[in-house]
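Secondary and tertiary structure notes
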Amino acid sequence: MTVAYEAGYALPSGDLPLNHARVIHNGVSFAPTTITASAELADYPGAAANIGDTVDRWRPVASGTTTATLDYTLAAPQEADCFAIAAHNLGTIGGTIAFEHDSNGDGTWTTIGTLSPSDDSPILFFFDPITSDEWRITVSVGAVPEIGVWRVAKALQMQRPFYSGYVPARMNRAVDINGNISGSGELLGRSRKRSVLNASYNWDRLTYAWVRANLDGPNGLIQSIEVDPLFVAWKPGDVQDVD
């Protein structure tokens, strides 16, 4: 559950307050034309991080200490304010990830910020808006890193906040359990068949114009979540939860 910010981050002029949810979906994420990994295993290419399926992952090495980079090159410069990472193991292995960009294509990378996650939950890293066509992450670890999903985006800022009626996904679990009972009624054990995390969101009083501009259409939220997972920071100014 990791919401993080660039050092010295201040809410950009015109942005909605941080009690309004931020959403990263396919329609606001950038589609790279070129993906370059400094190292990758044959079955774990860098391009896997752009697919969106958590079963496919970028793994730069099979063993040992490593520092590896993964670059996204866009067709044209675009303004971004967020990196999104999911299906990673950086918390487990004690890794560090740096978020970088190259604004003029000369191979000089500027570090926006670094993070050493405490667990393997999704990451949303927010920063002051930057326009660039070159974006990169650098992982530094003493074990084998994996990253399943990486997005660079201009986050959708929900028009209205919400204050109730929401349960964080990690606390809203649907679990199927089989219990084994003896003939005399003693508990012999139990097995967990499946655990599913559920989340639902309810925003009221959204204006018609805002809905048409941000939720409707092929790049809107509604159709985007039909084809690709999304990230939700439901109250990023106060809570670090990322669903």
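The notes below deal with the structure included here. All values derive from a computational prediction rather than experimental measurement.

**Topic: the environment of serine 140**
Of note, serine 140 is situated in strand β7 (residues 123-141). For serine 140 and leucine 90, which are 50 residues apart along the polypeptide, the C-alpha to C-alpha distance reads 9.3 Å. When sequence neighbours within four positions are dropped, the list of residues in contact with serine 140 reads Thr66, Thr67, Gly95 and Thr96. A distance of 3.5 Å separates the side chain of serine 140 from the side chain of threonine 67, its partner in a polar contact.

**A short note on the pattern of salt bridges**
Evaluated as defined, the whole model comprises eight salt bridges. Note that arginine 57 is salt-bridged to glutamate 146, the shortest N-O span being 3.3 Å. One end of the pair, arginine 57, is in the loop between β3 (34-37) and β4 (66-88); the other, glutamate 146, is in the loop between β7 and β8 (147-153), and 89 residues separate them in sequence. Note on arginine 57: relative accessible area 23%, which makes it partly exposed. Residue classification places glutamate 146 among the buried residues on the basis of a relative accessible area of 15%. One connected set of salt bridges, linked through shared partners, spans Arg57, Arg59 and Glu146.

**Focus on the nonpolar core**
In this structure, Phe83, Ile97, Phe99, Trp135, Ile137 and Trp150 are the most contacted members of the largest nonpolar core, which totals 27 residues. Among the secondary structure elements, those contributing two or more residues to this core are β4, β5 (96-101), β6 (110-115), β7 and β8. In terms of residue count, β7 provides more of this core than any other element does, eight residues in total. Not counting the four nearest positions on each side in its chain, phenylalanine 99 is found in contact with Phe83, Ile85, Thr110, Thr111, Ile112, Gly113, Leu115, Ile123, Phe125, Arg136 and Ile137.

What counts and what doesn't
Numbers given for residues are sequential positions, taken from 1 along each chain in its written order. Selection of residues for local features in this predicted model requires a pLDDT of at least 70, selection of side-chain atom pairs for listing and counting requires 80 or more, and totals for whole chains, interfaces and linings are taken over all residues. Computation of side-chain values: all heavy atoms of the structure, hydrogens and water removed. Working definition: helices are DSSP H or I runs of at least four residues, strands are E runs of at least two. Numbering for both runs from the N terminus. Residue contacts follow a heavy-atom distance rule, with two residues in contact if any of their heavy atoms lie within 4.5 Å. Polar contact is the term for a pair of N or O atoms within 3.5 Å; when the atoms are in protein, one must be able to donate a hydrogen and the other to accept it, and sequence-neighboring residues count only if both atoms are side-chain atoms. Salt bridge, as used here, is a side-chain nitrogen of Lys or Arg placed within 4 Å of a carboxyl oxygen of Asp or Glu. Partly exposed describes any residue whose relative accessible area lies between the buried limit of under 20% and the exposed limit of over 50%, with all areas from a 1.4 Å probe on protein chains only and scaled to the type maximum. Throughout, nonpolar core names a set of buried Ala, Val, Leu, Ile, Met, Phe, Trp, Tyr and Cys residues whose side chains join them through atoms within 4.5 Å.

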